[in-house]
Amino acid sequence: MAVTNAPPGYKFTEKHEWVKVEGDTALIGISDYAQAALGDIVFVDLPKVGKSIKQFDSFGTIESVKAAEDLYAPISGEVVEVNGNLSKNPAEVNSNPFGSWMIRIKGISSSEVEKLLDPESYRELVSKLD
């Protein structure tokens, strides 16, 4: 059975990244489904502050004991903060995927956010993956 935790206030991509808009910035991370599929996360490679990212382009990588995967930006923007805790404790993503954001960006477009999946649509998508 797939992990279908998708809290309100988040938007999702079909590749299992999430975005949570907070004022004029947004946090980006990976979904509960993604962390469960990856298994024990051992390394996260994130961009430097100041880097511009484009919607659906790779912005970093995440490695687990099973695989290494690219991370894809749900929306475009400029990185203004990186979660430094993840370099010391990448497994935090496994225990708290919605609290363990990876990057914070600014310069976000509400039209890009609106194109993403809402929690209900994301749960439907994940339920079909079993």
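Being a predicted model, the structure only gives us computed values, none of them experimental. (Residues numbered from 1 in each chain as written. Predicted model: local features only at pLDDT ≥ 70, side-chain atom pairs only at ≥ 80, totals over all residues. Heavy atoms only, no water.)

Even after reading the chapter, I still don't get the UniProt feature "domain: Lipoyl-binding" (unreviewed entry) in the protein chain, so can you show me in this structure?
Taking the numbering used here, the UniProt-annotated feature "domain: Lipoyl-binding" (unreviewed entry) corresponds to residues 25-106. The annotated region residues 25-106 carries 18% helix and 43% strand content, and the separation between its end C-alpha atoms amounts to 5 Å. (UniProt positions renumbered as here; feature names shortened; annotations may be inferred. Helix = DSSP H or I, 4+ residues; strand = E, 2+ residues; numbered from the N terminus.)

Mind showing me how you'd approach the environment of glycine 23 here?
By the secondary structure assignment, glycine 23 is in the loop between strand S2 (17-22) and strand S3 (25-30). For the pair glycine 23 and lysine 106, spaced 83 residues apart in sequence, the C-alpha to C-alpha distance is 9.5 Å.

Explain the environment of valine 42 here, please?
Mapped onto the elements of the fold, valine 42 is located in strand S4 (residues 41-45). Put simply, valine 42 and glutamate 63 are 21 residues apart on the chain and 5.8 Å apart in space, counted from C-alpha to C-alpha. Setting aside anything within four residues of it in sequence, one finds valine 42 in contact with Glu63, Ser64, Val65 and Pro90. (Contact = heavy atoms within 4.5 Å.)

Would you mind going over the UniProt feature "modified residue: N6-lipoyllysine" (unreviewed entry) in the protein chain with me for this structure?
According to UniProt, the "modified residue: N6-lipoyllysine" (unreviewed entry) feature falls on Lys66. Among the structural elements, lysine 66 can be located in the loop between strand S6 (58-64) and strand S7 (68-72). Take lysine 66: its relative accessible area is 60%, and that puts it in the exposed class. Ignoring sequence-local partners within four residues, the contact set of lysine 66 consists of Ala36, Ala37, Leu38 and Gly39. In terms of polar contacts, lysine 66 uses its side chain to reach the backbone carbonyl oxygen of alanine 37, at 3.2 Å. (Buried < 20%, exposed > 50% of the residue type's maximum accessible area, 1.4 Å probe, protein only. Polar contact = N/O pair within 3.5 Å; in protein donor to acceptor, adjacent residues only side chain to side chain.)

Can you help me understand helix H5 (residues 119-127) in this one?
Since the α-helix turns once every 3.6 residues, residues separated by three or four places project in the same direction. The complete set of buried residues in H5 reads Pro119, Tyr122 and Val126. Buried residues in H5, looked at end-on, bunch into an arc of 60 degrees, giving them a common side. In this structure, the buried residues of H5 make contact with strand S1 (11-12) and helix H1 (32-38). (Arc of directions from axis to C-beta.)

Where do I start with the pattern of salt bridges in this structure?
Should their charged atoms come close, side chains of opposite charge can pair. A complete count under the given rule lists two salt bridges for this structure. Residues arginine 104 and glutamate 22 are paired through a salt bridge, measuring 3.2 Å at the closest nitrogen-oxygen approach. Residue arginine 104 is located in strand S9 (residues 103-106), and its partner glutamate 22 is located in strand S2; the two are separated by 82 residues in the primary sequence. Using a relative accessible area of 17% as the deciding quantity, one classes arginine 104 as buried. (Salt bridge = Lys/Arg side-chain N within 4 Å of Asp/Glu carboxyl O.)

So what exactly am I meant to see when it comes to the side chain of asparagine 83 here?
If you trace the backbone, asparagine 83 turns up in the loop between strand S8 (77-82) and helix H2 (85-88). Excluding anything up to four places from it in sequence, asparagine 83 contacts Leu46, Glu92, Ser100, Trp101 and Met102.

Please clarify how the packing of aromatic side chains should be interpreted in this entry.
To describe a pair of aromatic rings, one takes the distance between the centres and the angle between the planes. Scanning the entire structure with this criterion turns up five aromatic pairs. When the ring of tyrosine 10 is compared with that of tryptophan 18, the centres are 5.0 Å apart and the planes differ by 85 degrees; the resulting orientation is edge-to-face. No difference in accessibility class separates tyrosine 10 from tryptophan 18, as the two residues are buried. With centroids separated by 6.1 Å and ring planes inclined at 35 degrees, the aromatic side chains of tryptophan 18 and phenylalanine 98 adopt a geometry described as tilted. Of this pair, tryptophan 18 sits in strand S2 while phenylalanine 98 sits in the loop between helix H3 (92-95) and S9, placing them 80 residues apart in sequence. Like phenylalanine 98, tryptophan 18 is buried. A connected cluster of aromatic rings, assembled from ring pairs, spans Tyr10, Phe12, Trp18, Phe98 and Tyr122. A cation sits over an aromatic face here: arginine 104 above tryptophan 101, 5.7 Å from the ring centre. (Phe/Tyr/Trp six-rings, centres within 6.5 Å; stacked < 30°, edge-to-face > 60°. Lys NZ or Arg CZ within 6 Å of the ring centre and 35° of its normal.)

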